[in-house]
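# Descriptive analysis of the structure
Below, each chain spelled out in residue letters.
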Amino acid sequence: MNKYYLTTPIYYVNDRPHIGHAYTTVVADALARYHRLRHDTTYFVTGTDENSQKNVQAMEKAGENDLAAYLERMAIAWYDTWRELGISFDNFIRTTEARHLAGVARFWKAVQASGDIYEGTYEGLYCTGCEAFKTETELIGDKCPLHPNKDLEHIKEKNYFFRLSAYREELLKLYAKGNNFVMPESRRHEIHNYVEDHLADVSISREAKSVPVGISVPGDLDQRIYVWFDALLNYMTAVGYGTDEAQFSTFWPADLHLVGKDIIKFHCALWPAMIMSAAKNDPLLRNADGSAKIPKQVHAHGFFTMDGVKISKSLGNAVDPREFIPNYGFDAVRYFLLREIPFGEDGDFSRERLASRYASDLGNTFGNLVNRAIAMSKKYFDGKVPPADITESSLPVNEQSVWDGKGGLDAIKSAVESAYAGNRCDVVLASIWDGVGDTRRSGLFQANKLIEETQPFKLVKEDPEAVGEILYALLESLRWYAWLMHPVMPNISVKIFEQLGLDARAELSKGWVQGLKWGGLTPGAVLGDPSPLFPRPESEGV
Ligand code: ME8
């Protein structure tokens, strides 16, 4: 059995989640659900990054002064929003938890024992928005381009430094093309160039007197660990590093870190180098051949923008994903986020696009298909799955068109599987909608086209047997679509199974490989009741 461990970034709690955070988290959830359907031992972690100055500033702005109470309230808000969006995380980690602190201390000591931590003085500009030091070349004017409405802090203080530059060659090897450590290709180039030309040692602590929060450096209470050094470690502490060696050994290294493109330097350079360093002194972090257990992949996506500007907590243009759930249901919101922009690229968020995709892709193209196929079968075949030769793999309908039921669905399934394997949920959905089919594409089973070209409602009088074959193929295709889209739209998928007269739980427990075999519907079995999957929204406003 394979294991599959994936993560989202842990989010700052300086505000509530917006559409951008929902995007990363929904992609991760779809991938986690896909791997569970494949019966992989899947573990999915998300959580909150709590030892950040940004959180303290947000608390003060809210007129509060109890940091622990603020962090807890906000962590719950994130947790609840994810549950409302159907996010099926296995573990929600907060970096103020004791289990995290234990792992951070263990890791710091391992890096220290490798001789990669030294004392120095840092002088430079710090952006609290990014929680990072900035060099002149990274600024536009005197501002951070990601946080133009924040002033940079000038800092000069004693810090601990991490010998990041010592890992330059090892990192460059890690970025070799075939490794797929950094995805997509454009980001791999970006990080390769950065490491080749600009990699320098980094400050990994701050003076305790100048930052109000942070985990103390082991053995030096005057220094606090730099928030990114602590935050990255959540990926290990969430699966037991420092508290549960057996669990850690089961899941580590992570198979996938999903991140936005804003944080790839931390994930693709600092993080693997930290692990390479600690591995020298911590056997838990080493493979049998002595090499460090580095995560398998970091996949970076683009930004949702609003009129071309990144949606961001600090820019004040945030859109709360919960706003759309009453009108469209969470499945449709998930569909929209994943379908709307090619994974890896930026794209504008618009309420009009959401409304239009809901009405056209979901309601007209797919919802109507489900309704028509089930209603016709019920009407012509006494409420039952029509009789058909289910061993037959091709479906000769008339002289002009030969619809290959099984072969045509297999082609869609293969496209969907390779898209999931490449984390491309946008391509998953596009491939399924190719199969739902409004535009003729050769080699695919296309449900709407089949109805249009064979007109079963007319053909039924002269050739009921052929109509039985056609409707069986249509219903069976709906069962396949329900499987293929389940990771993205779990509730809709369950409703489709129920309308097909299946017990959704029993169906899903077959697993992906058994479930996606032609002939899963039994001719003569009683169908469920059709009801609109995507009803008209109650309010036209959103
Ligand atoms: O960076 N479009 O947390 P954060 C798409 N705590 N995705 C977006 C987005 C947008 N407009 N805005 C944010 C941090 N994101 C650190 C991470 S991990 C060890 C520590 C998503 O709250 C995207 O995944 O600023 C981005 O990388 C992340 O939220 C940043 O969240």
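Here is a short report on the structure shown in this document.

Cut-offs applied
- Counting restarts for each chain: residues are numbered from 1 in the order of the written sequence.
- Whole-chain, interface and lining totals are the exception, using all residues; otherwise, since this is a predicted model, local features are given only for residues with pLDDT of at least 70 and side-chain atom pairs are given and counted only at 80 or more.
- Calculation of side-chain values draws on the structure's entire complement of heavy atoms; hydrogens and water are dropped beforehand.
- Secondary structure follows DSSP: runs of H or I at least 4 residues long count as helices, runs of E at least 2 residues long count as strands, and numbering of each begins at the N terminus.
- To sort residues, take the accessible area from a 1.4 Å probe on protein chains only and compare it with the maximum for the residue type: under 20% means buried, over 50% means exposed, and anything in between is partly exposed.
- Only heavy atoms enter the contact rule, under which two residues are in contact if any of them lie within 4.5 Å.
- Accessible surface area values rest on a Shrake-Rupley calculation with a 1.4 Å probe, where residue burial reflects the displayed protein chains alone.
- Residues adjacent in sequence count toward polar contacts only when both atoms are side-chain atoms; beyond that, a polar contact is any pair of N or O atoms within 3.5 Å, and within protein one must be able to donate a hydrogen and the other to accept it.
- Residue proximity to a molecule or strand is established when one non-hydrogen atom of the residue lies within 4 Å of it.
- Residues are grouped as follows: Ala, Val, Leu, Ile, Met, Phe, Trp, Tyr, Cys and Pro are nonpolar; Asp, Glu, Lys and Arg are charged; all remaining types, including Gly, are polar.
- Pairing between two strands requires that DSSP report at least two bridges joining them.
- All axes here are fitted lines through C-alpha atoms, helices being fitted over the stretch that makes contact, and every angle between N-to-C directions spans 0 to 180 degrees.
- Put simply, angles under 35 degrees are roughly parallel, angles over 145 are roughly antiparallel, angles from 65 to 115 are roughly perpendicular, and the rest are oblique.
- If you view the pair so one helix is near and one far, a crossing is left-handed when the near helix is turned anticlockwise from the far one by less than a right angle, and right-handed when it is turned clockwise.
- A carboxyl oxygen of Asp or Glu within 4 Å of a side-chain nitrogen of Lys or Arg is what we treat as a salt bridge.

## A word on the overall build of the protein
Tallying secondary structure elements over the protein gives 21 helices and 18 strands in all. The principal-axis extents of the C-alpha atoms in the protein amount to approximately 90 × 55 × 40 Å. A burial count over the protein gives 58% of its 542 residues as buried. Considering only intrachain contacts with a sequence separation of at least 6, the fraction spanning at least 24 residues in the protein is 76%. For the protein, the accessible surface area stands at approximately 21,600 Å², while carbon and sulfur atoms represent 49% of it.

## Focus: the side chain of Glu207
With respect to the secondary-structure elements, Glu207 resides in strand 9 (residues 205–207). Side-chain polar atoms of Glu207 contact the side chain of Lys209, separated by 2.6 Å. Contact partners of Glu207, with chain neighbours within four places excluded, come to Glu157, Lys158, Asn159, Asp222 and Gln223.

## Considerations on the site of the ligand
Taken together, 26 residues sit near the ligand, with Ile10, Thr24, Asp49, Phe304 and Lys313 positioned nearest. Ile311 places a polar main-chain atom, nitrogen or oxygen, 2.8 Å from a nitrogen atom of the ligand. When isolated, the ligand has an accessible area of 670 Å², and the protein chains bury 96% of it. In terms of residue count, strand 1 (residues 3–12) provides more of the shell around the ligand than any other element does, 4 residues in total. The class makeup of the residues in the shell around the ligand is 13 nonpolar, 9 polar and 4 charged.

## Description of the pairing of strand 3 (residues 91–94)
In strand 3, alternate side chains face the same way, and those of Asn91 and Ile93 on one face and Phe92 and Arg94 on the other are all buried. Bridging between strand 2 (residues 41–49) and strand 3 involves 4 bridges; their strand directions are parallel. Note on strand 3: the bridge partner recorded for Thr46 is Phe92.

## Observations concerning the packing of helix 13 (residues 351–380) against helix 18 (residues 464–485)
Any two packed helices are characterised by the angle at which their axes cross and by the distance between the axes. Direction vectors running N to C along helix 13 and helix 18 enclose 140°, while the axes themselves pass 10 Å from each other. By the criterion of interaxial angle, the relationship of helix 13 to helix 18 is oblique. Taken as a pair, helix 13 and helix 18 cross one another with a handedness that is left-handed. Along the contact surface, helix 13 presents Phe366, Leu369, Val370, Ala373, Ile374, Met376, Ser377 and Tyr380, while helix 18 presents Val467, Leu471, Leu474, Leu475, Leu478, Tyr481 and Met485. For the contact of helix 13 with helix 18, a count of residues per class yields 14 nonpolar, 1 polar and no charged.

## Considerations on the sheet that holds strand 10 (residues 216–217)
The antiparallel open sheet is built from 3 strands, whose spatial order is 9-11-10. Both edges of this open sheet fall to strand 9 and strand 10, since each of them pairs with a single strand only. Inspection of the sheet shows strand 9 paired to strand 11 (residues 220–225) by 3 bridges, in the antiparallel sense. Looking at strand 11, one finds that Arg206 is bridged to Arg224.

## Structural notes on the packing of helix 14 (residues 405–421) against helix 15 (residues 425–436)
Two numbers describe how helix 14 lies on helix 15: the axes approach to 8 Å, and their chain directions differ by 170°. As far as their axial angle goes, helix 15 and helix 14 are roughly antiparallel. Contact residues: helix 14 offers Ile412, Ala415, Val416, Ala419 and Tyr420, while helix 15 offers Cys425, Val427, Val428, Ser431, Ile432 and Gly435. Grouping the amino acids of the contact of helix 14 with helix 15 by side-chain chemistry returns 9 nonpolar, 2 polar and no charged.

## Let's talk about the pattern of salt bridges
When the charged atoms of two side chains with opposite charge come close together, those side chains can pair. In the structure shown here, the tally under the stated rule is 38 salt bridges. Ionic pairing is found between Glu245 and Arg106, a salt bridge with its closest N-O pair at 3.3 Å. In this pair, Glu245 sits in helix 9 (residues 245–251) while Arg106 sits in helix 4 (residues 98–113), placing the two residues 139 residues apart along the sequence. The class of Glu245 is partly exposed, set by a relative accessible area of 47%. Looking at Arg106, the relative accessible area reads 27%, which means it is partly exposed. Note that Lys158 is salt-bridged to Glu119, the shortest N-O span being 3.5 Å. In this pair, Lys158 is assigned in strand 6 (residues 153–162) and Glu119 in strand 4 (residues 117–127), connecting sequence segments 39 residues apart. A relative accessible area of 34% places Lys158 in the partly exposed class. Look at the salt bridges and you will find they share partners, linking Arg339, Glu340, Arg353, Arg357 and Asp361 into a network.

## Brief notes about the environment of Arg36
For Arg36, the location among the structural elements is in helix 1 (residues 19–37). Here the alpha-carbon distance between Arg36 and Val319, two residues 283 residues apart in the chain, equals 30 Å. Apart from residues lying up to four places away in sequence, Arg36 is in contact with Thr42, Phe44, Ser88 and Asp90.

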